[in-house]
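Coordinate inspection notes
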Amino acid sequence: MTLSIMTSTLADGVVEVSPSGEIDVENAYEIRETVAGLLADGRPARIELNMQNVTFIDSVGISALVAAFQLAGVSEVKLVVTRPSRFAHRQLWVTGLLGLFGNPAPFGGAESAEPVVSA
């Protein structure tokens, strides 16, 4: 599956970046380049990376998110992850980076969580 990225401007100068598909070694640079382009065009109030449609993200993709976060920080723009898919949420949690990106809850919240089975 390929990666597609849509951007839109929300209220109060917030820009939403919405990747869809897989973020991996072959296309992770697109996330960083999208954020760099937004910062070159102006200074948004905040960048929200809406990851609800991310089906897979590997270590190179995680690295690209960190690079985008650092690029935004240099420009004094806050970058946060919003609505991460359960897979993306798990990857951010496992790597210890969930807090860096605003500690978002997984898309769908508790009602879509897998049932807990007690022994």
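Per an unreviewed UniProt entry, the protein chain goes by the name Anti-sigma factor antagonist and belongs to Paractinoplanes durhamensis. Listed under Sequence similarities (unreviewed entry) in UniProt, the entry text for the protein chain is "Belongs to the anti-sigma-factor antagonist family."

Looking at the overall build of the protein chain
When helices and strands are tallied, the protein chain shows three helices and five strands. Taken from the N to the C terminus, the helices and strands of the protein chain come in the order β-β-α-β-β-α-β-α. Sorting the 119 residues of the protein chain into buried and exposed places 39% on the buried side. Contacts in the protein chain between residues at least 24 apart in sequence constitute 65% of all its contacts with a sequence separation of at least 6.

Notes on the confidence of the model for the protein chain
Of the residues in the protein chain, 90% reach a pLDDT of 70 or more, and the chain-wide mean stands at 91. Residue range residues 111-119 is modelled with pLDDT below 50. Its contacts to residues more than four positions away, or to other chains, number four contacts.

Considerations on the pattern of salt bridges
Tallied over the full model, the rule gives two salt bridges. For Glu76, the salt bridge is made with Arg43, and the minimal N-O distance between the two is 3.6 Å. Here Arg43 lies in the loop between helix H1 (29-41) and strand E3 (46-50) and Glu76 lies in the loop between helix H2 (59-74) and strand E5 (78-82), a separation of 33 residues in the sequence. Arg43 carries the same exposure label as Glu76, and that label is exposed.

Examining H1
A rise of 1.5 Å per residue sets the reference length of H1, with its 13 residues, at 18 Å; its end C-alpha atoms lie 18 Å apart and thus fit the reference within 8%. Taken together, the buried positions of H1 are Ile31, Val35, Leu38 and Leu39. Projected down its long axis, H1 carries its buried residues within an arc of 95°, all on one side. Seen from the open side of H1, the exposed residues pointing more than 90 degrees away from its buried face are Ala40 and Asp41. Elements in contact with the buried residues of H1: strand E1 (3-9), strand E2 (14-23), E3, H2 and E5.

The rules behind each value
- Residues numbered from 1 in each chain as written.
- Predicted model: local features only at pLDDT ≥ 70, side-chain atom pairs only at ≥ 80, totals over all residues.
- Heavy atoms only, no water.
- UniProt positions renumbered as here; feature names shortened; annotations may be inferred.
- Helix = DSSP H or I, 4+ residues; strand = E, 2+ residues; numbered from the N terminus.
- Buried < 20%, exposed > 50% of the residue type's maximum accessible area, 1.4 Å probe, protein only.
- Contact = heavy atoms within 4.5 Å.
- pLDDT = per-residue confidence, 0-100.
- Salt bridge = Lys/Arg side-chain N within 4 Å of Asp/Glu carboxyl O.
- Expected span 1.5 Å × (residues − 1).
- Arc of directions from axis to C-beta.

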